Amino acid sequence: MIKFNNVTKIYENITALRNVSFSIEKGEFVYITGPSGAGKTTLLKLIYLAEKPDSGDISIAGWDFNALKEKAVPYLRRNIGVVFQDFKLLNNKTVYENIAIALRIRGFKDKEIKERVYDALKLVNLRHKSDNYPPTLSGGEQQRATIARAIVGEPTILIADEPTGNLDADNTAGIMKIFKEIHAKGTTVLFATHNRNLFRHTGMRVLRLDSGNLVADEIG
Ligand SMILES: Nc1ncnc2c1ncn2[C@@H]1O[C@H](COP(=O)(O)OP(=O)(O)O)[C@@H](O)[C@H]1O
Ligand SMILES: [Mg+2]
């Protein structure tokens, strides 16, 4: 599903990733960990095509990034949902509208948009807040709204970059439960966190980065 072969990414004079190779199968749940500056965000950005590698090969769902035409990028992106640490919701639009936007752009009909948005909101337990504006929600609720936004297009891959970084323990537990439910539906999940408590003793796969090197591919 996701393959990196000797991938290197350099920002000016900083090597953010150095000769990184790994392979993730469809339906896996993989944590990406390592200290701040290790290269976690860079690795995820390469997957959702926000950055390009300086060398090496990346392929996703059989799409070879080196051979990818510019026109194909939006189609590939539809397969990938992204959740960030900072919520990036539009504060002047309701929760419902924030989640519906991506579907509107893709030309879905209102009836289908409504079904999908409410399904996504139910999954994150926010159906009752659909008409609220983001600033009236708690941090945990806002993050649940961004998860609904990420999954409403039914991506095959869900990428999360420190999604619990701004949340307390209770909200973190709630978010983890939602990610596990999404994974149980068959979605491939990549979850970047520097917080080892999230994966310790879970028996889940962990890719560990340090100074741009992939230093371990292990079970948490
Ligand atoms: N846009 C950028 N320009 C220059 N350096 C960057 C940029 N993005 C990240 N870096 C550097 O690349 C390294 C890896 O960063 P990052 O992938 O954000 O790590 P992490 O997410 O693990 O904290 C760090 O040294 C960081 O300062
Ligand atoms: Mg980061």
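Refer to the preceding data block for the structure.
Here is a short report on the structure shown in this document. Please read all numbers here as calculations on a predicted model, not as lab measurements.

**Concerning the site of ligand 1**
Consideration 1: Ligand 1 sits among Tyr-11, Ile-14, Ala-16, Pro-35, Ser-36, Gly-37, Ala-38, Gly-39, Lys-40, Thr-41 and Thr-42.
Consideration 2: At 3.1 Å, a backbone N or O of Ala-38 approaches an oxygen atom of ligand 1.
Consideration 3: Thr-42 places a polar side-chain atom, nitrogen or oxygen, 2.6 Å from an oxygen atom of ligand 1.
Consideration 4: For the shell around ligand 1, the elements supplying multiple residues, two or more each, are β2 (14-24) and α1 (40-47).
Consideration 5: No other element matches the three residues that α1 contributes to the shell around ligand 1.

**Some details on the nonpolar core**
Consideration 1: Grouped together as the largest cluster of nonpolar side chains are 40 residues, with contacts concentrated most on Tyr-31, Val-117, Leu-121, Ile-147, Leu-158, Phe-179 and Phe-191.
Consideration 2: Those elements that provide at least two residues to this core are β3 (29-33), α3 (95-105), α4 (110-123), α5 (139-151), β7 (157-161), α6 (169-184) and β8 (188-192).
Consideration 3: Broken down by element, the residue count for this core peaks at six residues, all from α4.
Consideration 4: With residues up to four places along the chain from it excluded, the contact list for Tyr-31 reads Met-176, Lys-180, Phe-191, Thr-193, Leu-198, Phe-199, Thr-202, Met-204, Arg-205, Val-206 and Leu-207.
Consideration 5: Of all hydrophobic cores here, the second largest spans 31 residues; its members include Val-7, Phe-22, Ile-24 and Leu-43.

**A word on the packing of α3 against α4**
Two packed helices can be described by the angle between their axes and the distance between those axes.
Consideration 1: Across the interface, α3 lies against α4 with an axial gap of 10 Å and an inter-helix angle of 125°. It follows that α3 is oblique to α4 by the angle criterion. Pair α3 / α4 crosses with right-handed handedness. Facing Val-95, Tyr-96, Ile-99, Ala-100, Leu-103 and Arg-104 of α3, the residues of α4 in contact are Asp-110, Ile-113, Lys-114, Arg-116, Val-117, Tyr-118 and Leu-121.
Consideration 2: A breakdown of the residues in the contact of α3 with α4 according to their chemical character gives nine nonpolar, no polar and four charged.

**Regarding the pairing of β7**
Consideration 1: Taken across its five residues, β7 has five buried, putting it largely inside the fold.
Consideration 2: Of the two faces of β7, the one lined by Ile-157, Ile-159 and Asp-161 and the one lined by Leu-158 and Ala-160 are each fully buried.
Consideration 3: Note: strand β6 (residues 80-83) against β7, four bridges, orientation parallel. Looking at β7, one finds that Gly-81 is bridged to Leu-158.
Consideration 4: Pairing geometry for β7 and β8, over five bridges, is parallel.

**A short note on the sheet that holds β2**
Consideration 1: One open sheet accounts for four strands, arranged β2-β1-β4-β5; its pairing is antiparallel. Looking along the sheet, the strands with just one partner apiece sit at the ends: β2 and β5 (63-64).
Consideration 2: Where strand β1 (residues 2-11) lies against strand β4 (residues 55-60), five bridges are found, and the strand directions are antiparallel. Each residue of the ladder has a partner; that of Asn-5, found in β4, is Asp-57.

Reading the values: the criteria
- Residues numbered from 1 in each chain as written.
- Chains lettered and ligands numbered in written order.
- Predicted model: local features only at pLDDT ≥ 70, side-chain atom pairs only at ≥ 80, totals over all residues.
- Heavy atoms only, no water.
- Near = heavy atom within 4 Å.
- Polar contact = N/O pair within 3.5 Å; in protein donor to acceptor, adjacent residues only side chain to side chain.
- Helix = DSSP H or I, 4+ residues; strand = E, 2+ residues; numbered from the N terminus.
- Core = buried A, V, L, I, M, F, W, Y, C linked by side-chain atoms within 4.5 Å.
- Buried < 20%, exposed > 50% of the residue type's maximum accessible area, 1.4 Å probe, protein only.
- Contact = heavy atoms within 4.5 Å.
- Axes fitted to C-alpha atoms, helices over the stretch in contact; angles between N-to-C directions.
- Parallel < 35°, antiparallel > 145°, perpendicular 65-115°, else oblique.
- Left-handed = near helix turned anticlockwise from the far one by under 90°.
- Nonpolar A, V, L, I, M, F, W, Y, C, P; charged D, E, K, R; others polar.
- Pairing = 2+ DSSP bridges.

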